[in-house]
Amino acid sequence: MIPACFSNPSTHSSENTTSTAPMPQNLITCTYQTHLCNSPTQLTLTWSKTLFSHTLTLFPSDNSFSTTISLYPSTFSFFRTRAGSKSIHLTHHHYQKIKLHWDFTQAEFAGHSAEPDSSFYVAITFNSRLEFFLGDLRDELTRRAEVTGPLCYSAESTLLSRREHVFGRRTYVTRAQFMRSKHEIEIDCGGGVLKVKVNGVTSLVVKRLAWKFRGNERIMISGVEVEFYWDVFNWVNKSSGNSKSGGGHGVFVFQIGDGGGIWPEMAGPEKRLMRKSFSGAVGAAAVQPPSPSPSCSSVLQWAEESSSHEGGRSSCSSSTKSCGSNGGGFSLLLYAWRKE
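None of the values given here were measured: they were computed from a predicted structure. (Residues numbered from 1 in each chain as written. Predicted model: local features only at pLDDT ≥ 70, side-chain atom pairs only at ≥ 80, totals over all residues. Heavy atoms only, no water.)

Participant: Just checking my understanding: could you explain the sheet that holds strand β13 (residues 193-198) for this structure?
Facilitator: By definition, the strands of a sheet pair up through backbone hydrogen bonds, in either a parallel or an antiparallel sense. On the basis of which strands lie adjacent, the open sheet formed by 4 strands has the order β11-β12-β13-β14 and antiparallel pairing. The two strands at the open ends of the sheet, each matched to only one other strand, are β11 (171-178) and β14 (201-207). Strand-to-strand twist across the sheet, computed as the mean angle between neighbouring axes with direction ignored, equals 15 degrees. Taken together, the 6 bridges between β13 and β14 define a ladder with antiparallel strand orientation. (Pairing = 2+ DSSP bridges. Helix = DSSP H or I, 4+ residues; strand = E, 2+ residues; numbered from the N terminus. Axes fitted to C-alpha atoms, helices over the stretch in contact; angles between N-to-C directions.)

See below:
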């Protein structure tokens, strides 16, 4: 499924909210293959960080629930939200009840990332069974879960895709975990040259971006073949004086294994950000947005079609928990927003 760049606003009030909402410092959406009520499902987590808020939103693919946790109790608080839990009734599972647990009190973050790097947990339990767990404080969860008898564990969840919005003037950096390891990816774009570094090592250099603003190449990460797609049409168009919508964004896809990425529909902060990218002057948010720019969809569809045509090629080990189930692979999608 290819994510839409924006959805048409239904009311003027939502448009006004879009124009006044603070720009995020970081937005990360991860989709996992997991279980809810003993049934397989895909669970999406969206981490959002702005100057005034820091939140986590969870929702499954069947939309049986949606809930948001604030990592800070108030806008100007220096203290994080206490560890807690809440019961959730699933609308599509005969209103069965799951329990969501979290602890971010000692969470550590890398740079301005909205997603914790360590010392945290997010978990879902059902009938004393741990169905989803993210973090590194499993013993702490077991102590606080307040279940009768030992906490049983379901099969380990699998990360299928990661979509992140990063911001910069020329260099864009993200730290993502795939192939059982954490990797630092740096994209530098300036002077008509695109450079991609992984863990400090230059993996790709693309020159003459005015002619090669879209493309794909195979690169190696930790000895594994990765298909890399880029689309910087917005940036090239801006530098040539044809764009009036601000710095715009570039789109970059890292595809591991077979199959296209699994991209949940954009909502909340992501949808507002994509709408805002098409508002030029003050008050332009009230104007109907134009058709999606080529960078929003073409490179993603290209990646999906290329993967489907090369169904026999797979770089994903069956034991790698960051690769999709059923040979679906793993995809990292970066929206790089250029600051003016």
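Participant: What should I look at first to understand the packing of aromatic side chains in this one?
Facilitator: We describe a pair of aromatic rings using the distance from one ring centre to the other and the angle between the two ring planes. With the rule as written, the count across this model stands at 13 aromatic pairs. Seen from their ring centres, phenylalanine 104 and phenylalanine 120 are 6.3 Å apart, and the 15 degrees between their planes marks the pair as stacked. Taken together, the residues phenylalanine 104 in the loop between β6 (97-103) and β7 (121-126) and phenylalanine 120 in the loop between β6 and β7 connect sequence positions 16 residues apart. One exposure class covers both phenylalanine 104 and phenylalanine 120, and it is buried. When the ring of phenylalanine 178 is compared with that of phenylalanine 330, the centres are 5.6 Å apart and the planes differ by 20 degrees; the resulting orientation is stacked. Placement of the pair is phenylalanine 178 in strand β11 and phenylalanine 330 in strand β18 (residues 330-338), with a sequence separation of 152 residues. The same class applies to phenylalanine 178 as to phenylalanine 330, namely buried. (Phe/Tyr/Trp six-rings, centres within 6.5 Å; stacked < 30°, edge-to-face > 60°. Buried < 20%, exposed > 50% of the residue type's maximum accessible area, 1.4 Å probe, protein only.)

Participant: Before we go on, may I ask you to explain the side chain of glutamate 227 in this structure?
Facilitator: Its place among the elements puts glutamate 227 in strand β16 (residues 224-231). Residue classification places glutamate 227 among the buried positions, given a relative accessible area of 5%. In terms of polar contacts, glutamate 227 uses its side chain to reach the side chain of arginine 218, at 3.0 Å. (Polar contact = N/O pair within 3.5 Å; in protein donor to acceptor, adjacent residues only side chain to side chain.)

Participant: Sorry, what's going on with the nonpolar core here?
Facilitator: The tendency in soluble globular proteins is for nonpolar side chains to be buried side by side. Grouped together as the largest cluster of nonpolar side chains are 58 residues, with contacts concentrated most on Trp47, Phe104 and Phe252. Two domains each provide a minimum of three residues to this core, namely domain 1 (23-156) and domain 2 (162-263 + 329-339). Core analysis: the second largest hydrophobic core is formed by 12 residues, Leu27, Tyr229, Met266 and Met274 among them. (Core = buried A, V, L, I, M, F, W, Y, C linked by side-chain atoms within 4.5 Å. Domains from an automatic or database assignment.)

Participant: What should I look at first to understand the pattern of salt bridges in this one?
Facilitator: A pair can form between side chains of opposite charge whenever their charged atoms are brought close. Across all of its chains, the model carries 12 salt bridges by this definition. Across the pair aspartate 188 and arginine 170 runs a salt bridge, and its minimum N-O distance is 3.0 Å. Of the two residues, aspartate 188 sits in strand β12 (residues 181-190) while arginine 170 sits in the loop between β10 (158-168) and β11, which places them 18 residues apart along the sequence. Given a relative accessible area of 16%, aspartate 188 falls into the buried group. For aspartate 231, the salt bridge is made with arginine 214, and the minimal N-O distance between the two is 2.7 Å. Of the two residues, aspartate 231 is situated in strand β16 and arginine 214 in strand β15 (residues 214-221); the sequence distance between them amounts to 17 residues. Residue class for aspartate 231 comes out buried when judged on its relative accessible area of 0%. Through salt bridges with shared partners, one network takes in Asp103, Glu140, Arg143 and Arg144. (Salt bridge = Lys/Arg side-chain N within 4 Å of Asp/Glu carboxyl O.)

Purely geometric numbers; function is a separate question.
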